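This is what each chain is made of:
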Amino acid sequence: MSNDNSDKPDNAAGSDANDQSANEMWGGRFATSPDALMEAINASIGFDQRLWRQDIAGSRAHATMLGTQGIVSADDVTAILKGLDAIEARIETGDFKFSAALEDIHMNIEAHLKDLIGDAAGRLHTARSRNDQVATDFRLYVRDALEGLDAALLGFQHALLVKAESHAATVMPGFTHLQTAQPVTFGHHCLAYVEMASRDRGRFSDARKRLNESPLGAAALAGTSFPIDRDATAKSLGFDGPTRNSLDSVSARDFALETLSAAAICATHMSRLAEEIVIWASAPFSFISLSDAFSTGSSIMPQKRNPDAAELCRAKAGRIIGALSTLLVVMKGLPLAYSKDMQEDKEPVFDALESLSLVIAAMTGMVGDLVVNEDAMRDAAAGGFSTATDLADWLVRAGGLPFREAHHVTGSIVALAENKGCGLEGLSLEEMQSVDKRITKEVFSVLSVEASVASRTSFGGTAPTEVAKQVAWWQNQLS
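What counts as what
- Residues numbered from 1 in each chain as written.
- Predicted model: local features only at pLDDT ≥ 70, side-chain atom pairs only at ≥ 80, totals over all residues.
- Heavy atoms only, no water.
- 1 Å grid on protein atoms, 1.4 Å probe; cavity = no way out; pocket = protein on both sides within 12 Å on 5 of 7 lines; lining within 4 Å.
- Points joined across faces, edges and corners; volume = space filled by probe spheres on them.
- Helix = DSSP H or I, 4+ residues; strand = E, 2+ residues; numbered from the N terminus.
- Patch = residues over 30% accessible without salt bridge, like charges linked within 9 Å, V, L, I, M, F, W, Y side chains within 5 Å.
- Areas by Shrake-Rupley, 256 points an atom, 1.4 Å probe, with all protein chains shown as cover.
- Salt bridge = Lys/Arg side-chain N within 4 Å of Asp/Glu carboxyl O.
- Lys, Arg positive; Asp, Glu negative; His and termini not counted.
- Charge placed at Lys NZ, Arg CZ, Asp CG, Glu CD.
- Buried < 20%, exposed > 50% of the residue type's maximum accessible area, 1.4 Å probe, protein only.

Peer 1: Sorry, what's going on with empty space enclosed by the protein here?
Peer 2: Space left empty within the atom packing is revealed by a probe, the size of a water molecule, rolled over the atoms. Overall, the coordinates contain 2 cavities of 30 Å³ or more when judged by the stated rule. Of the volumes computed, that of the largest cavity is approximately 70 Å³. Those elements that place two or more of their residues in the lining of the largest cavity are helix 8 (186-211) and helix 11 (254-281). For the lining of the largest cavity, the element with the highest residue contribution is helix 8, accounting for 4 residues.

Peer 1: What exactly am I supposed to notice about the environment of Gly-46 here?
Peer 2: Position of Gly-46 among the secondary structure elements: in helix 3 (residues 45-48). Considered as a pair, Gly-46 and Thr-326 are 280 residues apart in the sequence and their alpha carbons are 19 Å apart.

Peer 1: Please clarify how a negative patch on the surface should be interpreted in this entry.
Peer 2: A grouping of Glu-213, Asp-240, Asp-248 and Asp-254 is seen on the molecular surface, where their side chains present a negatively charged patch. By the secondary structure assignment, Asp-254 is in helix 11.

Peer 1: Sorry, what's going on with the pattern of salt bridges here?
Peer 2: Opposite charge on two side chains permits pairing when their charged atoms draw close. In total, this model carries 23 salt bridges according to the counting rule given. Linking Asp-104 and Arg-130 is a salt bridge whose minimum nitrogen-to-oxygen distance equals 2.5 Å. Note that Asp-104 is positioned in the loop between helix 5 (74-93) and helix 6 (105-117) and Arg-130 in helix 7 (residues 130-166), a separation of 26 residues in sequence. On the basis of relative accessibility, which here comes to 6%, the residue Asp-104 falls in the buried class. The exposure class of Arg-130 is buried, given its relative accessible area of 18%. Across the pair Lys-420 and Glu-431 runs a salt bridge, and its minimum N-O distance is 3.0 Å. Here Glu-431 lies in helix 17 (residues 429-433) and Lys-420 lies in helix 16 (residues 403-420), a separation of 11 residues in the sequence. If you follow the salt bridges from partner to partner, you end up with Glu-103, Asp-104, Arg-130 and Lys-340 in one network.

Encoded structure:
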């Protein structure tokens, strides 16, 4: 998108021409030009110019409807549509000058339309207000962004499935409290994030369904006396139908709040994986390595390979969560219908959705890029007495002990191994029988990490056979 060029001479915010245009846009109510400070705080063109595609689309639909309804002549509609085409082409080629004196994207486009086609441009705003205009533009923008995020998350899921399939049997430690808990497989771990991304996509889909109603035609707040066809404009813009209350149409921003809420949850999921990548790539873990594409070096320590991409993804979660908080605070005290406070709704939404899109792309790239150190993962999984639960389960199955008693016996055996400085599989049968005589040599069949993961065959478990089933299921779902 073009940037705000209001500081350039050919686009000077305080020029006589622009002051004149601003006064003409406002009509006869104001005799003098706005103060420079008022102009600075009032203008939104610096950020809302990115709505130009949506604004032009809304204007096309509105103009066409006005012509069909006989509210505006066919000749004027033709001129308006040709003028909008010309403006669209100029913006796409960078040959359009945005003016802060004209405040926002709506007035910038309307003023340039008048320059192109004359008085016919003034008929475009018949039966609408900037209030329903911006509400429509904003919904269209968020809808487009949601569709982009869904596609990005689908790519993220596919990248995870590739890793899950390749490492369905790669043993790694599963953690609780970041302490070694039980062995799992790396494929199983990857599938956990496939599940999270699926729920994120579901939340975005729900948000899209609820926002997909058209406010266009609600006008300032009360509707209009012109015989407009709101169903026609809604259909033209791909909405399911028009909104049913004009006050709510122009004042609602819960569609943006819901989208930001879903974005904050999604960013949190991305941040959790980013944190794990940072941990896994560290020297004490060495579970994975990242290529130069997603790492940086140190200006003073030549040996360093820093996972900066993951760290930045982790940090951007705070930015996205902050955008949700910002908009909640903006909206919490506003009476119906529209207040200028709502101009502050767009920047946090723009920033959050663009940041999340970047984060998903980076995380997808890192998942595809990372190389797994299977030996380091396996060695770590074998530490920390990770098969203690398998021993307790064996005592229940083979020895008939109640689980609580088996838990106590296992704890004593873990203490014995800890004192000896070995893993559970390093104890002799006699040493284990010194704790409980019911233990037989068959116990050694459950003490390896490979046996542990292979035994977790419950639905959704970490057994390689179950991981393979889930990978196949997800591949079918996502195809």
